[in-house]
Amino acid sequence: MTAFVLAFAITTLLWRIYFYRAGLVLPAVIATSTAPAVFSRSASYAHLLMAGGIVLSSVGDEIIITHPFAEPNLVWSAVILCGPAIYLAGRARLDYLSFSRIAYSRVTGLLLLVALAPVVAFLPPILIAVVAIVILTAIATSDTISWRFRPSKPTPPPPPHGRYLRP
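These figures come from a predicted structure and were not determined experimentally.

Now, about the overall build of the protein: what can you tell me, with residues and values included?
When you go through the protein residue by residue, the secondary structure sums to six helices and zero strands. Sequence-ordered secondary structure for the protein, helices as α and strands as β, is α-α-α-α-α-α. Expressed as a percentage of its 167 residues, the buried residues of the protein come to 43%. A separation of at least 24 residues holds for 81% of the contacts in the protein among residues at least 6 apart in sequence. Taken as a whole, the protein presents about 9100 Å² of accessible surface, with 72% of it coming from carbon and sulfur.

If you want it as structure tokens, here you go:
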């Protein structure tokens, strides 16, 4: 039951990180973009990356639930931590598209998840899940604190020059 609760917590934190601000303002950002088609295409790639992270996280959730105290395994460690890391890469891209900047917490969390994968490989899956939850909770907390003290207005980046735009 504990393993299920931890897997559910990872999923809930990924959802929370998505919907906090950028996920909510995305329609308004698309509407105010100077090149909505280019913006929408780029946003869809960010969502594709996040979906890949969610799929990998679901595999990690299955490992956590079915083998919570299994022998340490580098591949399982990578799956459990890199699923959320890939998700954060896509979410960082969505941040950039929505606010023309990336939150430090996303980059720090992404780097920690990737860097810790081989370090925690000697732990059972249930403890690796705790590591992921601590990092994702720190990101969600950072989001809340930063938005209370420094709220950002949606500001899409300027459109790229070149082949994507018609004259």
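So, the environment of leucine 127: which residues are in play, and what are the values?
Its location among the elements puts leucine 127 in helix H6 (residues 125–149). By relative accessible area, which is 41% here, leucine 127 ends up partly exposed. A C-alpha to C-alpha distance of 8.2 Å links leucine 127 and proline 68, two positions 59 residues apart in sequence.

Break down the packing of helix H1 (residues 2–19) against H6 for me, citing the residues and quoting the values.
Contact geometry of H1 with H6 gives a least axis separation of 9 Å together with a crossing angle of 30 degrees. In terms of their interaxial angle, H1 and H6 are classed as roughly parallel. As for how H1 packs across H6, the hand of that crossing is left-handed. Facing H1, whose interface residues are Thr2, Ala3, Leu6, Ala9, Ile10, Leu13, Leu14, Arg16 and Ile17, H6 presents Ile126, Ala129, Val130, Ala132, Ile133, Leu136, Thr137, Ile139, Ala140, Asp143 and Thr144.

Just give me the short version of the side chain of arginine 91, but keep the residues and values in it.
With respect to the helices and strands, the residue arginine 91 is situated in helix H4 (residues 74–99). A residue is classified by how much of its surface remains accessible, and arginine 91, at 0% relative accessible area, is buried. Of note is the side chain of arginine 91, whose polar atom sits 2.3 Å from the side chain of aspartate 95.

A description of the pattern of salt bridges should follow, citing residues and the corresponding values.
In this structure the tally under the stated criterion is three salt bridges. Between arginine 91 and aspartate 95 there is a salt bridge; the shortest N-O distance is 2.3 Å. One end of the pair is arginine 91 and the other is aspartate 95, both in helix H4 and four residues apart, which spans about a single turn. On the basis of relative accessible area, aspartate 95 is assigned to the buried category, the value being 5%. Salt bridges linked by common partners bring Arg91, Asp95, Arg106 and Asp143 together as one network.

Requested: an account of the nonpolar core, with residues and values cited.
Within the largest apolar cluster, 38 residues are counted, with the highest numbers of intra-cluster contacts made by Ile10, Leu81 and Leu136. Those elements that place two or more of their residues in this core are H1, helix H2 (22–32), helix H3 (36–66), H4, helix H5 (104–119) and H6. In contact with isoleucine 10, other than residues within four places in its own chain, are Asp61, Ile64, Pro84, Ala129, Ala132, Ile133 and Leu136.

How would you summarise the environment of alanine 132 if you had to cite specific residues and measurements?
Structurally, alanine 132 is set in helix H6. Sequence separation between alanine 132 and glycine 83 is 49 residues; the distance between their C-alpha atoms is 9.8 Å. Apart from the residues within four sequence positions on either side, alanine 132 is in contact with Ile10, Leu81 and Leu113.

So what's going on with the packing of aromatic side chains? Residues and values would help.
Counting across every chain of the model gives one aromatic pair. An angle of 20 degrees between the planes, with centres 6.4 Å apart, marks the rings of phenylalanine 4 and phenylalanine 8 as stacked. Taken together, the residues phenylalanine 4 and phenylalanine 8, both in helix H1 and four residues apart, mark about one turn of the helix. The class for phenylalanine 8 is exposed, based on a relative accessible area of 52%.

I'd like to hear about H3, residue by residue, with values.
Taking 1.5 Å per residue, 31 residues should reach 45 Å; H3 reaches 44 Å between its end C-alpha atoms and fits that length. Three or more residues of H3 are buried, namely Val38, Phe39, Ser42, Ala43, Ala46, Met50, Gly53, Ser57, Gly60, Asp61, Ile63 and Ile64.

Analysis parameters
Residues numbered from 1 in each chain as written. Predicted model: local features only at pLDDT ≥ 70, side-chain atom pairs only at ≥ 80, totals over all residues. Heavy atoms only, no water. Helix = DSSP H or I, 4+ residues; strand = E, 2+ residues; numbered from the N terminus. Buried < 20%, exposed > 50% of the residue type's maximum accessible area, 1.4 Å probe, protein only. Contact = heavy atoms within 4.5 Å. Areas by Shrake-Rupley, 256 points an atom, 1.4 Å probe, with all protein chains shown as cover. Axes fitted to C-alpha atoms, helices over the stretch in contact; angles between N-to-C directions. Parallel < 35°, antiparallel > 145°, perpendicular 65-115°, else oblique. Left-handed = near helix turned anticlockwise from the far one by under 90°. Polar contact = N/O pair within 3.5 Å; in protein donor to acceptor, adjacent residues only side chain to side chain. Salt bridge = Lys/Arg side-chain N within 4 Å of Asp/Glu carboxyl O. Core = buried A, V, L, I, M, F, W, Y, C linked by side-chain atoms within 4.5 Å. Phe/Tyr/Trp six-rings, centres within 6.5 Å; stacked < 30°, edge-to-face > 60°. Expected span 1.5 Å × (residues − 1).

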